[in-house]
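Chain by chain, the residues run as shown.
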Amino acid sequence: MNVYDATRMADLLGREGYAETAEEADADLVILNTCHIRERAAEKIYSELGKLALEKRARAAEGRDMKIVVAGCVAQAEGEEVLKRQRAVDLVVGPQSYHRLPDLLKQAKQGRRLTDTEFDVDEKFDALPQPSRAQIRARGVSAFVTVQEGCDKFCSFCVVPYTRGAEVSRPVADILAETQRLVDAGVREITLIGQNVNAYRGPDDKGQEWSLARLLAHLGEMEGIARLRYTTSHPVDMAQDLIDAHESIGKLMPYVHLPVQSGSDRVLKAMNRRHTGADFLDIIRRLRLARPDVAMSSDFIVGFPGETDADFADTLALIREVGFAASFSFKYSPRPGTPGAERTDQIDEEVKRERLAALQSLLEEQRQAFNAATVGKTIEVLFEKPGRHEGQIAGKSPYMQPVHVSGPADMIGETARVAIVAAGSNSLAGRLVGKGEEAKA
Ligand code: 5AD
Ligand code: SF4
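Here goes a summary of the coordinates provided. (Residues numbered from 1 in each chain as written. Chains lettered and ligands numbered in written order. Predicted model: local features only at pLDDT ≥ 70, side-chain atom pairs only at ≥ 80, totals over all residues. Heavy atoms only, no water.)

## What to know about the site of ligand 2
Thinking step 1. Taken together, the neighbourhood of ligand 2 is formed by Cys151, Lys153, Phe154, Cys155, Phe157, Cys158, Val160, Pro161, Asn196, His234 and Arg273.
Thinking step 2. Looking at the shell around ligand 2 residue by residue, the classes come out as seven nonpolar, two polar and two charged. (Near = heavy atom within 4 Å. Nonpolar A, V, L, I, M, F, W, Y, C, P; charged D, E, K, R; others polar.)

## Quick notes on the site of ligand 1
Thinking step 1. Close to ligand 1 lie Ile37, Arg38, Phe157, Gln261, Asp299, Ile301, Phe330, Lys331, Tyr332, Ser333 and Arg335.
Thinking step 2. Taking arginine 38, its side chain carries an N or O atom lying 2.9 Å from an oxygen atom of ligand 1.
Thinking step 3. The separation between a nitrogen atom of ligand 1 and a polar main-chain atom of serine 333 is 2.8 Å.
Thinking step 4. Protein contacts shield 87% of the accessible area of ligand 1, which totals 400 Å² for the unbound molecule.
Thinking step 5. Counting only elements with at least two residues in the shell around ligand 1, the list comes to strand 13 (295-302) and strand 14 (326-331). (Polar contact = N/O pair within 3.5 Å; in protein donor to acceptor, adjacent residues only side chain to side chain. Areas by Shrake-Rupley, 256 points an atom, 1.4 Å probe, with all protein chains shown as cover. Helix = DSSP H or I, 4+ residues; strand = E, 2+ residues; numbered from the N terminus.)

## Quick notes on the pairing of strand 14
Thinking step 1. For strand 13 and strand 14, the ladder comprises six bridges, and the chain directions are parallel. Directly across from serine 298, in strand 14, lies its bridge partner serine 327.
Thinking step 2. A crossover connection joins strand 13 to the parallel strand 14 through helix 14 (residues 309-322); in handedness this β-α-β unit is right-handed. (Pairing = 2+ DSSP bridges. Right-handed = clockwise from strand over helix to strand, strands pointing away.)

## Describing the sheet that holds strand 1 (residues 29-34)
Thinking step 1. Taken in spatial order, the four strands make up an open sheet running 1-2-3-4, and their pairing is parallel. At either margin of the open sheet sits one strand with a lone partner, and together these are strand 1 and strand 4 (114-116). Across this sheet, the average inter-strand angle for adjacent strands is 15°, counted without regard to direction.
Thinking step 2. Bridging between strand 1 and strand 2 (residues 67-72) involves six bridges; their strand directions are parallel. Bridging across to strand 2, asparagine 33 finds its partner in alanine 71. (Axes fitted to C-alpha atoms, helices over the stretch in contact; angles between N-to-C directions.)

## Things to note about the packing of aromatic side chains
Thinking step 1. Summed over the entire model, instances satisfying the criterion amount to six aromatic pairs.
Thinking step 2. Arranged with centres 5.4 Å apart and planes meeting at 80°, the rings of phenylalanine 154 and tyrosine 162 form a pair that is edge-to-face.
Thinking step 3. A relative accessible area of 37% means that phenylalanine 154 is categorised as partly exposed.
Thinking step 4. Given a relative accessible area of 38%, tyrosine 162 falls into the partly exposed group.
Thinking step 5. An aromatic cluster is present here, built from Phe157, Phe304 and Tyr332 joined pairwise through their rings.
Thinking step 6. Lying over the aromatic face of phenylalanine 330, arginine 38 brings its terminal NZ or CZ to 3.6 Å of the ring centre.
Thinking step 7. When the ring centre of phenylalanine 125 is taken as reference, the NZ or CZ atom of lysine 124 above it lies at 5.0 Å. (Phe/Tyr/Trp six-rings, centres within 6.5 Å; stacked < 30°, edge-to-face > 60°. Buried < 20%, exposed > 50% of the residue type's maximum accessible area, 1.4 Å probe, protein only. Lys NZ or Arg CZ within 6 Å of the ring centre and 35° of its normal.)

## With respect to the pattern of salt bridges
Thinking step 1. All told, the structure shown has 32 salt bridges when counted by the stated rule.
Thinking step 2. When the shortest N-O distance is used, the salt bridge between aspartate 237 and lysine 153 registers 2.7 Å. In this pair, aspartate 237 sits in the loop between strand 11 (227-231) and helix 11 (240-248) while lysine 153 sits in the loop between strand 6 (148-149) and helix 8 (160-163), placing the two residues 84 residues apart along the sequence.
Thinking step 3. Between glutamate 349 and lysine 331 there is a salt bridge, with the nearest N and O atoms lying 2.9 Å from each other. Here glutamate 349 is found in helix 16 (residues 349-374), whereas its partner lysine 331 is found in strand 14, with 18 residues between them in sequence.
Thinking step 4. The class for lysine 331 is partly exposed, based on a relative accessible area of 29%. (Salt bridge = Lys/Arg side-chain N within 4 Å of Asp/Glu carboxyl O.)

Have a look at this one:
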């Protein structure tokens, strides 16, 4: 979501005469688009700001100006605090207010230091300009489209409901128009995103509410789209129509990111997740019925307050039962203002570290096994960019694995059948397969 927001900020400021640069030293304006999900993420911002403050001072000595903006969820959560803690910061702008950047920057140029952390998602999307064809092309053949923002779930460890606000779904017509524009400029893969993407309930022009499954089915008919994905989902909102969509929509990729967090029902309850381990396994069973080759990824937290060795063993057991293609896993990080942070039975840092290491070693084993199992198979790859070596092109498998082959650069943006010949630690190597050749095999 932060990647998407950053591109929209670039679109917006492009209209104001700003251009993106990869060199910090060239920038007149630096925006840190921040994440507040874990403490480490937030702390990194302040160390980065410290470096930028030095740069700003050095420039001022040469008579050059540089504006520093803190955007995103740290801005939302800490507001004025950021201005106090780092004098060099000019603006603090929350994730639902960044459409007001042009006006805020004008005020900053007059020397004012401001904070804007209003919540107005509808106003934001209406105010944002669409990217130009050139901007879209420069960003590649795979693009995100935000369909939903915010979260009403209030998992007891999580800041998102506080920083991103309540669940809001964008209208169907806006999503279709944004997607059409991307596809017209050459985008082939669309990933629908939202903090709770499968809770999507957006109105159409007749005032009827569409589910995510209905939206996907509609996009599945859009000419030019080769692939559809969606992320991130909550198990409670994994409706049967969405599960069935994996059978009925050919372009919907057989890969589902579905955070479970823990395999212990006791911990899940304490986390206010509103599902059990068995509920999660049942969703996967039904997904596999709909689409037998569906690959799963998930998020895990170890060391939530009160987590015992037995609870942790339940998490490992669940992982063994599912077999994940990929995963994200974290040590529990107490976040100010969330119920989890108030608990007095916090887990020792050392225990968290050990549990995370054990969990990650099992997940890594599964990831390698999943990649190794693709060797010898022929799969469809969407080519996204030139490969690392001359004459190579690189893309993704339906299961999100990076794949590289020898092939011509004009295949970028195309899908093609690839015979996988080897699995490295982070990518697969393959060979382009002619249609006739596959028929023989
Ligand atoms: N501590 C550790 N991990 C967290 N996540 C969210 N909040 C916390 C926290 N306080 C993880 C969850 C979520 C992912 C985006 O980040 O696993 O699914
Ligand atoms: Fe956070 Fe996801 Fe839970 Fe919402 S559903 S509170 S975003 S972990």
